[in-house]
Amino acid sequence: MKINGKEIKIETATILSVVLEKQGFNLLKIAVMKNGDIIPKAEYDKTTVNDNDSLEVVSFVGGG
Amino acid sequence: MKIILNGKPFETQYSGLFEIRDKYFDSACITILNGFQTSDNLTVKDGDVINIIKKGVMPHKEELESLMAARHTPEVHGTVKKSRVAVCGLGGLGSNIAVMLARTGVGYLKLIDFDIVEPSNLNRQSYYVEHLGMYKTDALKEQIKKINPFIDVCCETVKLTGENCAQLLNGCDIICEAFDNPETKAMLTETVLSVFPDKKLVCGSGMAGYESSNKIVTKKVMKNLYICGDGEAEARPGNGLMAPRVSVCAGHQANMILRLIMGNEEP
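Please read all numbers here as calculations on a predicted model, not as lab measurements.

Conventions used here
- Residues numbered from 1 in each chain as written.
- Chains lettered and ligands numbered in written order.
- Predicted model: local features only at pLDDT ≥ 70, side-chain atom pairs only at ≥ 80, totals over all residues.
- Heavy atoms only, no water.
- Contact = heavy atoms within 4.5 Å.
- Buried area = accessible area lost by both parts, 1.4 Å probe.
- Salt bridge = Lys/Arg side-chain N within 4 Å of Asp/Glu carboxyl O.
- Polar contact = N/O pair within 3.5 Å; in protein donor to acceptor, adjacent residues only side chain to side chain.
- Helix = DSSP H or I, 4+ residues; strand = E, 2+ residues; numbered from the N terminus.
- Nonpolar A, V, L, I, M, F, W, Y, C, P; charged D, E, K, R; others polar.
- Domains from an automatic or database assignment.
- Buried < 20%, exposed > 50% of the residue type's maximum accessible area, 1.4 Å probe, protein only.
- Pairing = 2+ DSSP bridges.
- Axes fitted to C-alpha atoms, helices over the stretch in contact; angles between N-to-C directions.

A. Representation of the interface of chain B and chain A in the model. Taken together, the 28 residues of chain B in the interface contact 18 residues of chain A. Carbon and sulfur atoms supply 68% of the area buried between chain B and chain A, which totals about 1,800 Å² over both sides. Its largest share of buried area at the contact with chain A, chain B owes to Pro-182, Glu-190 and Met-222 of chain B, together 33% of the area lost on that side. The interface formed by chain B and chain A contains one salt bridge. Glu-190 of chain B serves as the salt-bridge partner of Lys-41 of chain A, at 2.8 Å between the closest nitrogen and oxygen. Summed over the shared surface of chain B and chain A, the result is seven residue pairs in polar contact (both at pLDDT 80 or more). At the level of secondary structure, the elements contributing two or more residues to the side of chain B that touches chain A comprise α4 (92-104), α7 (182-195), β10 (200-204), β11 (217-222) and β12 (225-229) of chain B. The class makeup of the residues in the side of chain B that touches chain A is 14 nonpolar, seven polar and seven charged.

Structure, rendered in structure tokens:
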């Protein structure tokens, strides 16, 4: 699968929140698109990703 | 010869800018020919747009419109005037962005913030000592009225949440994210992209401290999502938010909003 264009290897269908946490993302400070669709935070634990999926993850830092 | 004088069609026999000025106004007035302020007696041609204004005096609505149209070109001015932008969060980014958009002539601004002006805001936010204790929405509306009294400003003094977001932002074409808190930034991004798939969202992320200005960039990261900033420099103890870099980022966001208004989707 791909995260922000980078190839990541996953063996089986995996829960989205597990994949994101393993990649070091703070789940509260990101917005995620899976194959072009926005995934709300409430769905992170219910969504699975497969090896042919593509994620776009935007991370925010504080300050404004 | 037919010209546009201070926003109105006008017929004159004079072809020198100063002759027109001296005939219909007085020699102390400022002369602007097709958006260019000049102190030379330039030749006026048929169809030229001329503004002759008294120094230091507030012009009438038509005159101000004509001045801005001449500065920005009539096409840009007309398009910007029709645009509707929501600014979410009125801190260092949002207050400066709102002021820039007002100066640019954005016709409708929705200002959203629940907080009041505090002394610690004055190092970077567009507020004055006289605003301390006021709601940021009201303080900013007051400033915008002094910059361009003909802009329609709508204040929403509430905390933007996932629940009220859709109702508050409905009716605006472009949404500007200008919060301080990264979790709120993420919440707004997620909500706008899912509820309003056709609206454009321009966010800020990473502008603390006094690292190089050149690290601050505008990126298009998803369809309809733009992020300005260096993506890294978060506000934390020892690396606070300061006026110059926050203003650089605010300028990036305001210019991206202007580009989107003009139909240019490239960052």
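B. Summary view of the domain arrangement of chain B. Residues and elements named next belong to chain B. When its domains are assigned, chain B resolves into domain 1 (2-72) and domain 2 (77-261). A separation of 35 Å is found between the C-alpha centroids of domain 1 and domain 2. Listed by partner, the interface residues are eight residues for domain 1 and eight residues for domain 2. For the pair domain 1 and domain 2, the two sides together bury roughly 710 Å², of which 68% comes from carbon and sulfur. Summed over the three residues of domain 1 that lose the most area to domain 2, namely Glu-65, Met-68 and His-72, the buried surface amounts to 57% of that side. Viewed at the interface, domain 2 and domain 1 are joined by one salt bridge.

C. Quick peek at the pairing of strand β3 (residues 30-33) of chain B. Residues and elements named next belong to chain B. Alternating positions in β3 separate into two faces, Ile-30 and Ile-32 on one and Thr-31 and Leu-33 on the other, with burial throughout. Judged from the three bridges that link them, β3 and strand β4 (residues 36-38) form a sheet pairing that is antiparallel. Across the sheet, residue Leu-33 finds its bridge partner in β4, namely Phe-36. Between β3 and β4, which pair antiparallel in sequence order, lie two residues; one of them, Asn-34, sits at a positive phi of approximately 50°.

D. Just the sheet that holds strand β7 (residues 108-112) of chain B, in detail. Residue and element names in this part refer to chain B. Across the sheet, which stays open at both edges, the seven strands sit in the order β8-β7-β6-β9-β10-β12-β11 with mixed pairing between neighbours. The sheet is open, and its two edges are formed by β8 (152-156) and β11, each paired on a single side. Between one strand and the next, the sheet's axes are offset by a mean angle of 20°, whatever the strand orientation. Bridge count for β7 against β8 is five bridges, and the pairing is parallel. Bridging across to β8, Ile-112 finds its partner in Glu-156. Running at roughly 170° to β10, helix α8 (residues 243-261) makes contact with β6 (84-88), β9 (174-177), β10, β11 and β12 of the sheet.

E. Examining the pattern of salt bridges more closely. All names here are of chain B. By the definition in use, this model includes 10 salt bridges over all chains. One salt bridge in this structure joins Arg-21 and Asp-22, with 2.9 Å as the shortest N-O distance. The buried category is assigned to Arg-21, whose relative accessible area is 11%. Note that Arg-245 is salt-bridged to Asp-230, the shortest N-O span being 3.0 Å. You can see Arg-245 sitting in helix α8 and its partner Asp-230 sitting in the loop between β12 and α8, a full 15 residues away along the chain. Note on accessibility: Arg-245 and Asp-230 belong to one class, buried.

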